[in-house]
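Commentary on secondary and tertiary structure
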Amino acid sequence: MFETSAASDKPDYDLLNKQLASILEGERALMTNAAQFSALIFNSISDLNWAGFYFCSEARTADQGRPCDLLLGAFQGKVACVRIPFGRGVCGSAAQERKTFLVPDVHAFPGHIACDSASNSEIVIPIIKDGKLYGVLDIDSPRLARFNAEDQAGLESMLAAFIAATDFGSLPSV
């Protein structure tokens, strides 16, 4: 049985990438890989209260001109917001701008959506494959300024490996 190492404040992202490759080897199913990836992150990085995915889904209200909503996918942590409008909050902003958002204090972020009032910092990385946006990886911490540039680079590298190992065929994209 695969076991993760103890959660670390300074994760060894090279080791985590090797573990991720091992976990994903031979499986391309989106929800399976997303669940495994979420569990690895949540159990390997300290001071997290949420780690998981939001995937593109048809917008509930087409008249608002949004290309999609973000719909809750596989995750680890407390119950979360189910649907996030494209362009709203940290997740929706990262999706709309197609760039990573590293937010040291979510309470200072305009339009922050508080799914868990214990969250104080957040990193959100868009899932882009072949130029198409499929969703975001969202990681929250109860600690202010939990994430830094090293975490961003390490998590972006892990997400790239996840994207390469996963089929997104049936998922809407923008």
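A few points on the structure. (Residues numbered from 1 in each chain as written. Predicted model: local features only at pLDDT ≥ 70, side-chain atom pairs only at ≥ 80, totals over all residues. Heavy atoms only, no water.)

**Concerning the environment of Asp-14**
Here is the rule we go by: Helix numbers and strand numbers start at the N terminus; a helix is a DSSP run of H or I with at least 4 residues, a strand a run of E with at least 2. Working definition: with a 1.4 Å probe on protein chains only, accessible area under 20% of the residue-type maximum means buried, over 50% means exposed, and in between means partly exposed.
Following the sequence through the fold, Asp-14 ends up in helix H1 (residues 13-24). We classify Asp-14 as exposed; its relative accessible area is 58%. Put simply, Asp-14 and Arg-28 are 14 residues apart on the chain and 22 Å apart in space, counted from C-alpha to C-alpha.

**Details of the state of the cysteines**
Our working definition: The disulfide criterion used throughout: a pair of cysteine sulfur atoms within 2.5 Å.
Taken as a whole and judged by the stated rule, the model has 1 disulfide. Here Cys-81 engages in a disulfide with Cys-115; their sulfurs sit 1.9 Å apart. Residues Cys-81 and Cys-115 are joined by a disulfide whose S-S torsion is about -125°; by sign, that bridge is left-handed. Within this pair, whereas Cys-81 is found in the loop between strand S2 (69-77) and strand S3 (83-85), its partner Cys-115 is found in the loop between strand S4 (101-103) and strand S5 (121-129), the two being separated by 34 residues in sequence. In this structure Cys-81 comes out as buried when scored by relative accessible area, which is 19%. Cys-115 gets classed as partly exposed once you look at its relative accessible area, which sits at 33%. No disulfide involves Cys-68; its sulfur sits 3.4 Å from the nearest other cysteine sulfur, which is in Cys-56.

**Re helix H4 (residues 149-164)**
Basically, it comes down to this: An expected span of 1.5 Å times one less than the residue number is assigned to each helix. A contact between two residues is defined here by any heavy atoms of the two lying within 4.5 Å. Two N or O atoms form a polar contact when they lie within 3.5 Å of each other; inside protein one atom must be a possible hydrogen donor and the other a possible acceptor, and for residues adjacent in sequence the pair counts only when both atoms belong to side chains.
Relative to the 22 Å expected for 16 residues at 1.5 Å per residue, H4 spans 23 Å between its end C-alpha atoms, a close match to the ideal helical length. All of the buried residues in H4 are Asp-151, Gly-154, Leu-155, Met-158, Leu-159, Phe-162 and Ile-163. Of the surrounding secondary structure, the elements contacted by the buried residues of H4 are H1, helix H2 (30-44), strand S1 (50-57), S5 and strand S6 (132-141). Capping the start of H4, Asn-148 holds a side-chain oxygen 2.9 Å from the backbone nitrogen of Glu-150, two or three residues further along.

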